[in-house]
Amino acid sequence: MRCMKGLLCLALGLCVLLVAVSRVPLGDAHWDAPIYLYQAKRFAETQLLVDIAHSAEHIAAQAAGAWPADERYSEAFWRSSRLGHIAILGVVVGAFGSTLAAIEVATWLFALALPLGLFAWCRVALLTSRLIEPGSVVMTGLGLSALLYVLSDVYGYLSGNLVSELMSLGLSGAALWALLASMRAGGAALAMLSGLLAFAGYTMRVESVWAWLAFMIAYLPYAGSGQARTRTLQRFVLAGAAALLCYLVYAFAFHPLADPRYYLQFAASLSQRARGGVPALYLVFVVGGLLWVGALLALRRITVSPLVRFGGLWLFVSGLPSWGVIAAGSEVQTRMLIGLVPPLLLLSAAGWTFALHHPRPRVLRAALLIGALLVVVSRPPVYDWLVVQPGVWRIQRL
């Protein structure tokens, strides 16, 4: 088993490195990336934050639909919900100027952010399992799940992409890691650090705070009783107070942009836009990548495993902002569903842990075969070849 752990760690490290070095700056980039770079240039060369603060009321008025005629939504309000992300890119542009070097540094920064975020969420999964059901997740199952996600096509797409989801994913994972550590060790400072990190994620991408809140909501039924429950609630309150204090300062500086009512109006205006192409429900499976294989393995233990039940509840709560939008067929992009990845990682780790330590040969062989097949099929050269073969083009519907 120790040999398997070593091999998994080696394979995971190599795959992360290969994905990172294969990225070309702005290659296969999301269309938001050049927009963020331009805003980063403005941040470096002008008083962008001061200008936004002075124009806050005008920008907020656009949220419900009064945006410029040549825009499909209020781009100014969207940018105001990503100020932390723009600031990080702005620091890079300020240090290296409007040069190719700045883009290369930013690409490597974001290529590094993704595996660090994945590591943080692995720690969250491990600590959560120890609190709810000790022994239900071990390093082999967790390492295999992480490796499969790195081999998923969505990971390769996100790596080095200059979108806000990468930094916010890592910060929300670090926030929950600190919170869980405070619950185990009893440190109030770690709980407050959790709130600070959650707020930092909020400035990167407003929606990311839901990943932090969703975990706490889902965890409450599993918080135990007596002193254990009291300690958990105390840590939640401390973390929430730290995040709230930061938010109040931020809301005062950018009033009224931080008013959640304006963001809800903005989100509602986006949800009214019809979506074409791949059905939105399919993207739920795309964003989880190969984590779904392990998650499906975990389902057979849902009646006996409190951790699997928690993972299912966490997945449901994490998706609450998205389920209605998906059902309505509104515009959704895969990266917008990134909040579903952490609970899927937990479920996948639990599923593979059980499959490896309580093996049913047929089930284990089938799961490994399906995982290997999906890895091969999802490689761009293989997929591009398959879709032009007679009759096989229907694979695009899967």
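Scroll up for the structure.
What you see is a predicted model; the values in this text were computed from it and never measured. (Residues numbered from 1 in each chain as written. Predicted model: local features only at pLDDT ≥ 70, side-chain atom pairs only at ≥ 80, totals over all residues. Heavy atoms only, no water.)

*Asks:* Can you walk me through the packing of aromatic side chains in this structure?
*Replies:* Between two aromatic rings, the relevant description is the distance of the centres plus the angle of the planes. Applying the stated criterion to the full structure yields 19 aromatic pairs. Ring centres of Y202 and Y250 lie 5.8 Å apart, and the angle between their planes is 80°; this geometry places the pair in the edge-to-face category. On the criterion of sequence distance, the pair formed by Y202 in helix α11 (residues 188-204) and Y250 in helix α13 (residues 226-253) is long-range, its members being 48 residues apart. Exposure class is identical for Y202 and Y250. Each is buried. Measuring from ring centre to ring centre gives 4.9 Å for F285 and W292, while their planes differ by 45°; the resulting arrangement is tilted. Among the residues examined, W292 registers a relative accessible area of 17% and is labelled buried. (Phe/Tyr/Trp six-rings, centres within 6.5 Å; stacked < 30°, edge-to-face > 60°. Helix = DSSP H or I, 4+ residues; strand = E, 2+ residues; numbered from the N terminus. Buried < 20%, exposed > 50% of the residue type's maximum accessible area, 1.4 Å probe, protein only.)

*Asks:* Can you walk me through the nonpolar core in this structure?
*Replies:* As a rule of thumb, soluble globular proteins bury nonpolar side chains together. Ranked by size, the top nonpolar core spans 104 residues in total, and within it F310 and W314 carry the most contacts. Top element by residues in this core is helix α7 (residues 100-132). It accounts for 14 residues. Apart from the residues within four sequence positions on either side, F310 is in contact with T128, I132, F215, A218, Y219, Y222 and L346. (Core = buried A, V, L, I, M, F, W, Y, C linked by side-chain atoms within 4.5 Å. Contact = heavy atoms within 4.5 Å.)

*Asks:* I'm lost on the pattern of salt bridges in this one. Help?
*Replies:* Two side chains carrying opposite charge are able to pair once their charged atoms lie near each other. For the structure on display, the rule yields seven salt bridges. Put simply, K41 and E45 hold a salt bridge, and the shortest N to O gap is 2.8 Å. Linking K41 with E45, this pair stays in helix α2 (residues 32-45), spanning four residues, or about one helical turn. The class of K41 is partly exposed, set by a relative accessible area of 31%. Residue classification places E45 among the exposed residues on the basis of a relative accessible area of 51%. Linking D259 and R261 is a salt bridge whose minimum nitrogen-to-oxygen distance equals 2.7 Å. Salt bridges sharing partners connect three or more residues here, namely D32, E165, R205 and R335. (Salt bridge = Lys/Arg side-chain N within 4 Å of Asp/Glu carboxyl O.)

*Asks:* Explanation requested: α13 in the structure shown.
*Replies:* In an α-helix, one turn spans 3.6 residues; hence positions three or four apart end up facing the same way. If you check α13, its first and last C-alpha atoms are 41 Å apart, about what 28 residues at 1.5 Å a residue would give, namely 40 Å. Turning to α13, its buried residues number three or more, namely T232, R235, F236, A239, A242, A243, Y250 and A251. On the buried face of α13, the contacting elements are α5 (75-80), α6 (83-96), α10 (164-185), α11 and α12 (209-219). (Expected span 1.5 Å × (residues − 1).)

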